[in-house]
Amino acid sequence: MAQAEQERDTAQNGQAVALETPPQRLLSLDALRGFTMFWITGGREFVLAAAACWWPHHYDAIETQLTHPRWEGFVVWDMVMPVFLFVVGVAIPMSLAKRVVPGQPLGPTYRRIARRVVALWMLGIVVQIVRYYHWDWQWPPPPPELFSNALQAIAVGYLVASLAVIHLRLTGQIVLFAALTIGYWALMMFVPYNGNPGGTLQQYNNFAWHIDQIVLDVFRRHHSFTWIVSSLGFSASVLLGALAGRLMQARLTAMGRLGCLVAIGVGCLAVGWVWSYSIPLNRHLWTSSMVLWAGGWSFLLLAAFHAVIDLGGFRRWAFPFIVIGANALLAYVLDPGFERIGKNIAWFVHQKGWESAEPLLDLLGATCEIATLWLLLWWLYRRRWHFRA
């Protein structure tokens, strides 16, 4: 028993050492993944339409929280992508525990990681093409965006976090997380570029945006989101989730594990808030302060879902989210097509001049989008068909 409780990551000579045996599948993780994807697949539009119908006096406040800030700042809607990256990280130690066996070669594990990274990257390109160009064909078609999608951010973070889980002990993973966040902060704040001093953080004038312009050139749309240098932040977000996943495997009491999740979450929030006075919370740049701020809320969300579903046994309410979470990747890929349902209803409303009924019809469109996609995912869930990259 004492041996089982020791650190089991990787030996100094590079040979794999057994990871912790994974616990029973965490329904809370599937539910949190599905809850996050719900907002992407029509949940935001549903809540806004419901607010317009039933809570018009609070609509502006709700819309503010469900609309990304133009540049700096952080609202509820900014949590969606960070939580998704975090959840990917949580699953990594549990997944690798089934494959990393002492004395066995790591080649098959490396190949599986590589295949998933490539698959996520290519899916990201396809989804971006469909999302931005499919309904407005141009000839000649614009160059594909090589790095511009959440799936590609996940791919980078998954690669870094997976190798860290395999080859670094817990202390090494924490040091790597610190190096990623502090290193990214230092690059953004102290490296001069193109005649600009370090610390320039304007919307279309900052170090990360400058590097994207040089490397990606025509293979990107004109927007303020950054990707290449920001990959340090993406990797840190996924690695933070992997540290949470390791905690979920730790041999602690249920309340001890829950207490650690809450304590780490509060600690991340505190450090992220203090750090934001040096480098602002900014989702476009995926700043280090935002990594910790969003990571803190992600820890608290995981703690809440774990407490209610896994420890409290209250599971029925989460079933719709579990269905989505079981095929979250497929839901993300299919969403642009189902999104047309709401847009077609909106077009029909304007054609008929029924603007007075627009809030109710917006609600109908969002409900139809969510319901049709959910029924497809439920059909797949019943047949235990799960699509993985």
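Quick caveat, the model's predicted, so the values are computed rather than measured.

Draft legend 1. Region of the structure containing the overall build of the protein. On a plain count of helices and strands, the protein comes out with 13 helices and 2 strands. Evaluated residue by residue, the protein yields a buried proportion of 48% over its 389 residues. For the protein, contacts bridging at least 24 residues in sequence account for 72% of all contacts bridging at least 6. Just so you have it, the protein exposes about 18800 Å², and 66% of that area is on carbon and sulfur atoms.

Draft legend 2. Structural context of the packing of aromatic side chains. On inspection of all chains with the given rule, the structure shows 23 aromatic pairs. An angle of 90° between the planes, with centres 5.3 Å apart, marks the rings of Phe35 and Phe321 as edge-to-face. A residue pair is termed long-range when its members are at least 10 positions apart, and Phe35 in helix α1 (residues 27-54) and Phe321 in helix α11 (residues 319-326) qualify at 286 residues. Residue Phe321 is classed as buried on the basis of its relative accessible area of 16%. A centroid spacing of 5.6 Å and a plane angle of 45° characterise the contact between Phe147 and Trp227, whose relative ring orientation is tilted. You can see Phe147 sitting in the loop between α4 (107-133) and α5 (150-167) and its partner Trp227 sitting in the loop between α7 (207-216) and α8 (231-249), a full 80 residues away along the chain. Accessibility classification places Phe147 together with Trp227 in one group, the buried group. Ring-pair connections join several aromatic residues into one group, and the members of that group are Phe35, Phe38, Trp39, Phe305, Trp317 and Phe321. Its end group placed over the ring of Trp77, Arg44 keeps NZ or CZ at 5.6 Å from the ring centre. It is Arg116 that lies over the ring of Tyr158; its NZ or CZ is 4.7 Å from the centre.

Draft legend 3. Here's a closer look at the side chain of Asp30. Mapping Asp30 onto the fold places it in helix α1. Looking at Asp30, its side chain comes within polar contact range of the side chain of Arg33, at 2.7 Å.

Draft legend 4. Representation of the confidence of the model for the protein within the structure. Taken over all residues, the pLDDT of the protein has a mean of 87, while the share at 70 or more is 86%. Across residues 1-18, where pLDDT falls below 50, the model places 42 contacts with residues more than four positions away in sequence or in other chains.

Draft legend 5. Region of the structure containing the packing of helix α3 (residues 80-96) against α8. Orientation of α3 relative to α8, taken along the N-to-C sense of each, is 45°, at an axis distance of 6 Å. Relative to α8, α3 is oriented oblique. As for the relative orientation of α3 and α8, their crossing is right-handed in sense. Contact residues: α3 offers Met81, Leu85, Phe86, Val88, Gly89, Val90, Ile92, Pro93 and Met94, while α8 offers Phe234, Ser237, Val238, Leu240, Gly241, Ala242, Ala244, Gly245, Arg246, Met248 and Gln249.

Draft legend 6. Molecular detail of helix α9 (residues 254-275). In this model α9 runs 32 Å from its N-terminal to its C-terminal C-alpha over 22 residues, within 8% of the 32 Å that 1.5 Å per residue would give. When we look at burial in α9, the residues that qualify are Arg257, Leu258, Leu261, Gly265, Cys268, Leu269, Gly272 and Trp275. For α9, the angular spread of buried residues about the axis comes to 140°, placing them on one side. Counted as exposed and oriented over 90 degrees from the buried face of α9: Met255 and Val274. Where α9 is buried, its residues contact α6 (170-190), α8 and α10 (288-311).

Draft legend 7. Local environment of the pattern of salt bridges. Counted by the stated rule, this structure contains 3 salt bridges. Here Glu145 makes a salt bridge to Arg221, at a shortest N to O gap of 3.1 Å. Pair noted here: Glu145 is in the loop between α4 and α5 and Arg221 is in the loop between α7 and α8, with a separation of 76 residues, a long-range link. By relative accessible area, which is 24% here, Arg221 ends up partly exposed.

Draft legend 8. Just unusual backbone geometry, in detail. Residues other than glycine seldom take positive phi values, yet Asn194 does so here, at roughly 45°. With respect to the helices, strands and loops of the structure, Asn194 is situated in the loop between α6 and β1 (201-202). Despite not being glycine, Asp217 has its phi angle at roughly 55°, a positive value. Following the sequence through the fold, Asp217 ends up in the loop between α7 and α8.

Draft legend 9. Region of the structure containing the environment of Trp374. Topologically, Trp374 is positioned in helix α13 (residues 358-382). A C-alpha to C-alpha distance of 8.6 Å links Trp374 and Ala331, two positions 43 residues apart in sequence. Every residue in contact with Trp374, bar those within four places of it in the chain, is listed here: Phe319, Pro320, Val323 and Ile324.

Draft legend 10. View of the side chain of Asn149. Within the secondary structure, Asn149 is located in the loop between α4 and α5. By relative accessible area, which is 2% here, Asn149 ends up buried. Once you skip the residues sitting within four places of it in the chain, Asn149 turns out to touch Gly124, Val127, Gln128, Trp227 and Tyr332.

Draft legend 11. Region of the structure containing a nonpolar patch on the surface. Taken together, the side chains of Phe319, Leu375, Trp378, Trp379, Trp385 and Phe387 make up a nonpolar region of the molecular surface, amounting to roughly 590 Å² of accessible area. Structurally, Leu375 can be placed in helix α13. Given a relative accessible area of 48%, Leu375 falls into the partly exposed group.

Definitions and cut-offs
Residues numbered from 1 in each chain as written. Predicted model: local features only at pLDDT ≥ 70, side-chain atom pairs only at ≥ 80, totals over all residues. Heavy atoms only, no water. Helix = DSSP H or I, 4+ residues; strand = E, 2+ residues; numbered from the N terminus. Buried < 20%, exposed > 50% of the residue type's maximum accessible area, 1.4 Å probe, protein only. Contact = heavy atoms within 4.5 Å. Areas by Shrake-Rupley, 256 points an atom, 1.4 Å probe, with all protein chains shown as cover. Phe/Tyr/Trp six-rings, centres within 6.5 Å; stacked < 30°, edge-to-face > 60°. Lys NZ or Arg CZ within 6 Å of the ring centre and 35° of its normal. Polar contact = N/O pair within 3.5 Å; in protein donor to acceptor, adjacent residues only side chain to side chain. pLDDT = per-residue confidence, 0-100. Axes fitted to C-alpha atoms, helices over the stretch in contact; angles between N-to-C directions. Parallel < 35°, antiparallel > 145°, perpendicular 65-115°, else oblique. Left-handed = near helix turned anticlockwise from the far one by under 90°. Expected span 1.5 Å × (residues − 1). Arc of directions from axis to C-beta. Salt bridge = Lys/Arg side-chain N within 4 Å of Asp/Glu carboxyl O. Patch = residues over 30% accessible without salt bridge, like charges linked within 9 Å, V, L, I, M, F, W, Y side chains within 5 Å.

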